[in-house]
Amino acid sequence: MQNTIFALATGNQTAALSVIRVSGEGSESILKKLTLKNTPTERLLTLRSFYFPNSNKKLIDKCLVVWMPAPRSYTGEDCIEIYSHGGDAVFQGFFSALTSFPNVRYAEQGEFSKRAIINGKTDLVKAEAVNDLINALTEKQREIAINQFNSGLSIPIMKWRRAIIKCMSLIEANIDFSDESDTPDSVNITQELSTLREQVKGAIKNKDYYELVNKGIKVVFKGKPNAGKSSIFNSILKKQKAIVSNTPGTTRDVIEGQINFKGYVIVFYDTAGITKTEDNIEREGIRRTRKLLKEADIILNITEDENYLPKSYSKKEWLVLNKIDKSKKIKKNLDSKAILVSAKTGEGLKDILLKIHKEIIKKTKRFNDPKNIILNLRQAKELEEAELSLTKALEEKSEEIISEHLRQANRSLERIIGNIDVEDVLGNIFSKFCIGK
Ligand code: GDP
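Residues numbered from 1 in each chain as written. Predicted model: local features only at pLDDT ≥ 70, side-chain atom pairs only at ≥ 80, totals over all residues. Heavy atoms only, no water.

## Side note on the site of the ligand
Heads up, the rule is: A molecule or strand has a residue near it when one of that residue's heavy atoms lies within 4 Å. For this analysis, a polar contact is any N or O atom pair within 3.5 Å, provided that within protein one partner can donate a hydrogen and the other can accept it, and provided that sequence-adjacent residues contribute only side-chain to side-chain pairs. Each residue is assigned to one class: nonpolar for Ala, Val, Leu, Ile, Met, Phe, Trp, Tyr, Cys and Pro, charged for Asp, Glu, Lys and Arg, and polar for all the others, Gly among them.
The local shell around the ligand holds 18 residues, among which N226, K229, S230, S231 and D325 are the closest. With respect to the ligand, the backbone of N226 contributes an N or O atom lying 2.7 Å from an oxygen atom. D325 places a side-chain nitrogen or oxygen 2.8 Å from a nitrogen atom of the ligand. When its residues are assigned to classes, the shell around the ligand shows 4 nonpolar, 8 polar and 6 charged.

Written out as structure tokens, the structure reads:
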């Protein structure tokens, strides 16, 4: 018999209510023993008194509960949800009551979702989407997650699987009946597989979008020491995280800070200025800076010198002239080329944010079409495997080997939705889930 699991599905702070979720074969008998009553009508909120087991009616809480017998529950197993009063002591009461039953234990991270997938109640794409939804901090993150949950990637994956299986069966039929005179010598599946591969390829391109929305756009500061990088960073983040000082080179490491601007995450990196130095710690800072500059979506090249004009800079590099509060002269040289700001007065800082926002909109423009397939890095990696197998199948002559490549492609697709290798794939993913999900 599989363990019955339970967990607090809501946060563990003091609150009006908490939801305790219980799932597994033992749920119904636990409910009866804790309430000393018959099982309530299924899927209907019912008021019950809960007592410690074998305690001569020592009350834990009086609250609503819902009984959801298998298979019509989130996990597909017998489930109960207890809407107890919030707070730690109430939950501790339920915890000790529930763990006093045999085969009952506290759930592992994501274990409810894992059981839901194993029982065919949901697929992995949807479970990941639910997790993203719970963790969403911005409007855009919420939007992607709910769309993925609602239809998202699972639909094209199923369609592609069907196409692969159709090609496989055509080949198998051809192999099986190749001795018989009335079957064609070769089955032409090339067209079908090429179309499929193009669709898969197109979807892979979209992985950047998910990353951009969920991890944020990367904005890296660069510039000479004392240009005011840390000051701008601090002003934007409105937190005194970096060290602001007159001594050059005091920001020895990379400091990261995030903001939510108009529904998008912007991640700022305040870096060590790139200077010649003998100091090992500073050198390490500079090495990290170079790496970050490579990975950056936008580089803010910050200067305090109004005559400064870099000979060349990349498209993703924007010039920012800081300390404009110090001089009221019109900055002829830089006026049109730089964003003029003052970390001290805050002037111009909003312009930086608005320009970054414009850039995000530009980068994400093509995703406004709801037909676009959005996928995370794990899903993209599996799709890349599928694409590779499809390419190999297209290059191959032997039908047996084509069949094998198609099987591999199919396996990659199945891993995306969690149909196979469930334990392997899930272990890693669910470690990032919250307990009650
Ligand atoms: P970083 O080395 O580039 O990170 O520069 P800091 O942010 O540490 O700033 C160096 C010095 O310039 C500090 O004394 C700041 O107070 C000063 N500073 C920074 N921004 C401004 C500004 O907009 N106006 C003025 N007047 N001083 C600034």
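## Let's talk about the packing of helix 4 (residues 124-135) against helix 5 (residues 139-150)
Rule in force here: Comment: axis = line fitted to C-alpha atoms, over the contacting stretch for helices; angle = value between 0 and 180 degrees taken between N-to-C directions. Where helices and strands are cited, they refer to DSSP runs of H or I of at least four residues and of E of at least two residues respectively, numbered from the N terminus. Between 65 and 115 degrees an angle is taken as roughly perpendicular, under 35 as roughly parallel, over 145 as roughly antiparallel, and anywhere else as oblique. In a left-handed crossing the near helix is turned counterclockwise from the far helix by less than a right angle, and in a right-handed crossing that turn is clockwise. Should any heavy atoms of two residues lie within 4.5 Å, those residues are considered in contact.
Two numbers describe how helix 4 lies on helix 5: the axes approach to 8 Å, and their chain directions differ by 155 degrees. One finds that helix 4 runs roughly antiparallel with respect to helix 5. Helix-helix and strand crossings are classified by hand; for helix 4 and helix 5 the assignment is left-handed. Where helix 4 approaches helix 5, its residues V125, K126, A129, V130, D132, L133 and N135 are matched on the opposing element by Q141, R142, A145, I146, Q148 and F149. Taken together, the residues of the contact of helix 4 with helix 5 sort by class into 7 nonpolar, 3 polar and 3 charged.

## Considerations on unusual backbone geometry
Formally: Categorising residues by exposure relies on relative accessible area from a 1.4 Å probe, with only protein chains included: less than 20% of the type maximum marks a residue as buried, more than 50% marks it as exposed, and the intermediate range marks it as partly exposed.
In this model, A70 is joined to P71 through a cis peptide bond whose omega is 0 degrees. Mapped onto the secondary structure, P71 falls in the loop between strand 4 (59-68) and strand 5 (79-85). Located in the positive-phi region is N226, a residue other than glycine, with phi close to 80 degrees. Along the chain, N226 falls in the loop between strand 7 (217-223) and helix 9 (229-237). We note that K262 has phi near 50 degrees; this positive angle belongs to a residue other than glycine. By secondary structure assignment, the location of K262 is in the loop between strand 8 (255-261) and strand 9 (264-270). Exposure remark for K262: the relative accessible area of 52% places this residue in the exposed category.

## A closer look at the sheet that holds strand 11 (residues 317-321)
Applicable threshold: Only strands that DSSP links by at least two bridges are regarded as paired with each other.
An order of 8-9-7-10-11-12 is seen for the 6 strands of this open sheet, with the pairing classed as mixed. Of all the strands in the sheet, the pair left with one neighbour each is strand 8 and strand 12 (338-340). Averaged over all pairs of adjacent strands, the angle between their axes in this sheet comes to 25 degrees, without regard to strand direction. Where strand 7 lies against strand 10 (residues 298-303), 5 bridges are found, and the strand directions are parallel. Within strand 10, the position partnered with K222 by the bridge is N301. Helix 11 (residues 349-364) rests against strand 7, strand 8, strand 9, strand 10, strand 11 and strand 12 of the sheet, and its axis sits at about 125 degrees to strand 9.

## Description of the pattern of salt bridges
Our working rule: Counted as salt bridges are all cases of a side-chain nitrogen of Lys or Arg within 4 Å of a carboxyl oxygen of Asp or Glu.
Applying the stated criterion across every chain, the model contains 19 salt bridges. Here E211 makes a salt bridge to K215, at a shortest N to O gap of 3.4 Å. Placement of the pair is E211 and K215 together in helix 8 (residues 207-215), with a separation of 4 residues, close to one helical turn. Its salt-bridge partner being E304, residue K323 comes within 2.9 Å of it at the nearest N-O pair. Taken together, the residues K323 in the loop between strand 11 and strand 12 and E304 in the loop between strand 10 and strand 11 connect sequence positions 19 residues apart. Using a relative accessible area of 25% as the deciding quantity, one classes K323 as partly exposed. In this structure E304 comes out as partly exposed when scored by relative accessible area, which is 36%. Via salt bridges that share partners, E77, R105, E111 and R115 belong to a single interconnected network.

## What to know about the nonpolar core
Stated precisely, the cut-off is as follows: The nonpolar core is taken to be a set of buried Ala, Val, Leu, Ile, Met, Phe, Trp, Tyr and Cys residues, with the residues joined through side-chain atoms within 4.5 Å.
In terms of nonpolar packing, the biggest core is built from 34 residues, with V219, I232, I266, F268, L300, I352 and I356 touching the most fellow members. Among the elements of the structure, helix 8, strand 7, helix 9, strand 8, strand 9, strand 10, strand 11 and helix 11 are those that each provide at least two residues to this core. Residue contributions to this core peak at 5 residues, all from helix 11. Apart from residues no more than four positions distant in its own chain, I356 is found in contact with I217, V219, I266, F268, I298 and W318. Core analysis: the next-biggest nonpolar cluster, separate from the first, contains 28 residues, L193, A203, L375 and L390 among them.

## Some remarks on helix 13 (residues 399-417)
We count it as follows: To estimate how far a helix should reach, multiply one less than its number of residues by 1.5 Å.
Under the 1.5 Å per step criterion, the end-to-end length of helix 13 is 27 Å for 19 residues, consistent within 8% with the ideal 27 Å. Listed as buried for helix 13 are I402, S403, H405, L406, A409, N410, S412, L413, E414, R415, I416 and I417. Following helix 13 by one or two positions, G418 has its phi on the positive side, about 80 degrees.

## Re the sheet that holds strand 3 (residues 46-51)
A sheet is described by the order of its strands in space; here 6 strands give the open sequence 3-4-5-2-1-6, paired in mixed fashion. In this open sheet, the two edge strands, each paired with only one partner strand, are strand 3 and strand 6 (104-106). Going from strand to strand, the sheet's axes swing by 30 degrees on average, the running direction of each strand aside. Where strand 4 meets strand 5, 5 bridges bridge the pair, whose relative direction is antiparallel. When the bridges of strand 5 are listed, M68 appears paired with C79. Set on the sheet, helix 1 (residues 27-35) makes contact with strand 1 (4-8), strand 2 (17-23), strand 3, strand 4, strand 5 and strand 6; between it and strand 3 the angle comes to about 75 degrees.

## Notes on the packing of aromatic side chains
Stated formally: Stacked, edge-to-face and tilted are the three classes for Phe, Tyr and Trp ring pairs, Trp counted by its six-membered ring, which pair at centre distances within 6.5 Å; planes under 30 degrees apart are stacked, over 60 edge-to-face, the rest tilted. Over a ring means this: the NZ of a Lys or the CZ of an Arg is within 6 Å of the ring centre and within 35 degrees of the ring normal.
Tallying each qualifying case throughout the model produces 8 aromatic pairs. Taking the centre distance of 5.8 Å and the plane angle of 65 degrees together, the rings of F221 and F268 count as edge-to-face. Pair noted here: F221 is in strand 7 and F268 is in strand 9, with a separation of 47 residues, a long-range link. Each member of the aromatic cluster is reached from another via a ring pair, and the members are F6, F91, F95 and Y106. Between R21 and the ring centre of F112, over which it is positioned, the NZ or CZ distance is 5.5 Å. Lying across the ring of F52, K58 places its NZ or CZ 5.0 Å from the centre.

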